[in-house]
Amino acid sequence: MRWSDEEFLILLPDNDEKGAVAASEKLRKALTAHPVELGKAGPVNHTGSFGVAVSRLIARADKSPYMAKECGRNRIVLA
């Protein structure tokens, strides 16, 4: 679900903390591995900064991508 302009919310109801981090890492790697082709501009690489939270999901997960970006981007931060 799209949460805001640059944020998406993914619910993983049957996952614990470890499973949620693993799923996020798999998605992050997939984003990094597949540049977007923009015609004459050529391929554009993209990254993902993810926040993972197990309880108080929305408030904690909403802060995590900003923490990931502050730590250097293109990484997973556990809330």
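My aim in this report is to walk through the structure given alongside it, one point at a time.

Cut-offs and rules
The numbers attached to residues start from 1 for each chain and follow its sequence in the written order. Only residues with pLDDT of 70 or above have their local features reported here, since the model is predicted, and side-chain atom pairs are shown and tallied only from 80 upward, although totals for entire chains, interfaces and linings are computed over all residues. Side-chain calculation: all heavy atoms of the structure are included, whereas hydrogens and water are not. Note on conventions: DSSP H or I runs of at least 4 residues are helices, E runs of at least 2 residues are strands, and numbering of each starts at the N terminus. Only protein chains enter the accessibility calculation, which uses a 1.4 Å probe; a residue whose area is less than 20% of its type maximum is buried, one above 50% is exposed, and one in between is partly exposed. Contacts were defined at the residue level, with two residues in contact if any of their heavy atoms lie within 4.5 Å. Computed with the Shrake-Rupley method and a 1.4 Å probe, the accessible areas treat only the protein chains shown as cover for residues. We score Asp and Glu as negative and Lys and Arg as positive, and we do not count His or the chain ends. Where a charge lies is defined by one atom per residue type, namely NZ (Lys), CZ (Arg), CG (Asp) and CD (Glu). For salt bridges, the criterion is a side-chain nitrogen of Lys or Arg within 4 Å of an Asp or Glu carboxyl oxygen.

**Quick notes on the overall build of the protein**
Argument step 1. Counting secondary structure elements, the protein contains two helices and four strands.
Argument step 2. For the protein, the spread of C-alpha atoms along the three principal axes comes to 45 × 25 × 20 Å.
Argument step 3. Within the protein, the fraction of its 79 residues that count as buried is 20%.
Argument step 4. Excluding contacts between residues fewer than 6 apart, the proportion of contacts in the protein whose partners are at least 24 apart in sequence is 45%.
Argument step 5. When the accessible surface of the protein is totalled, it reaches about 6,000 Å², and 57% of it is carbon and sulfur.
Argument step 6. Here the protein holds 12 positive side-chain charges and 10 negative ones, and the gap between their average locations is 4 Å.

**Brief notes about the pattern of salt bridges**
Argument step 1. Here the structure, examined in full by the defined rule, presents one salt bridge.
Argument step 2. The partner of Glu25 in a salt bridge is Arg28, with the nearest N and O atoms 2.7 Å apart. Of the two residues, Glu25 and Arg28 are both situated in helix 1 (residues 17-33); the distance of three residues between them amounts to about one turn of the helix.
Argument step 3. Taking the relative accessible area as the measure of exposure, Glu25 reaches 23% and is therefore partly exposed.
Argument step 4. With a relative accessible area of 13%, Arg28 lands in the buried category.

**A word on the side chain of Glu7**
Argument step 1. Topologically, Glu7 is positioned in the segment before helix 1.
Argument step 2. The side chain of Glu7 is buried and forms no salt bridge, while Lys69, the nearest opposite charge, is found at 6.3 Å.

**Some details on the environment of Ala68**
Argument step 1. As for its position among the elements, Ala68 is in helix 2 (residues 57-70).
Argument step 2. The sequence separation of Ala68 and Ala20 amounts to 48 residues, and the corresponding C-alpha distance is 16 Å.
Argument step 3. Not counting the four nearest positions on each side in its chain, Ala68 is found in contact with Ser49, Phe50, Arg73, Arg75 and Val77.

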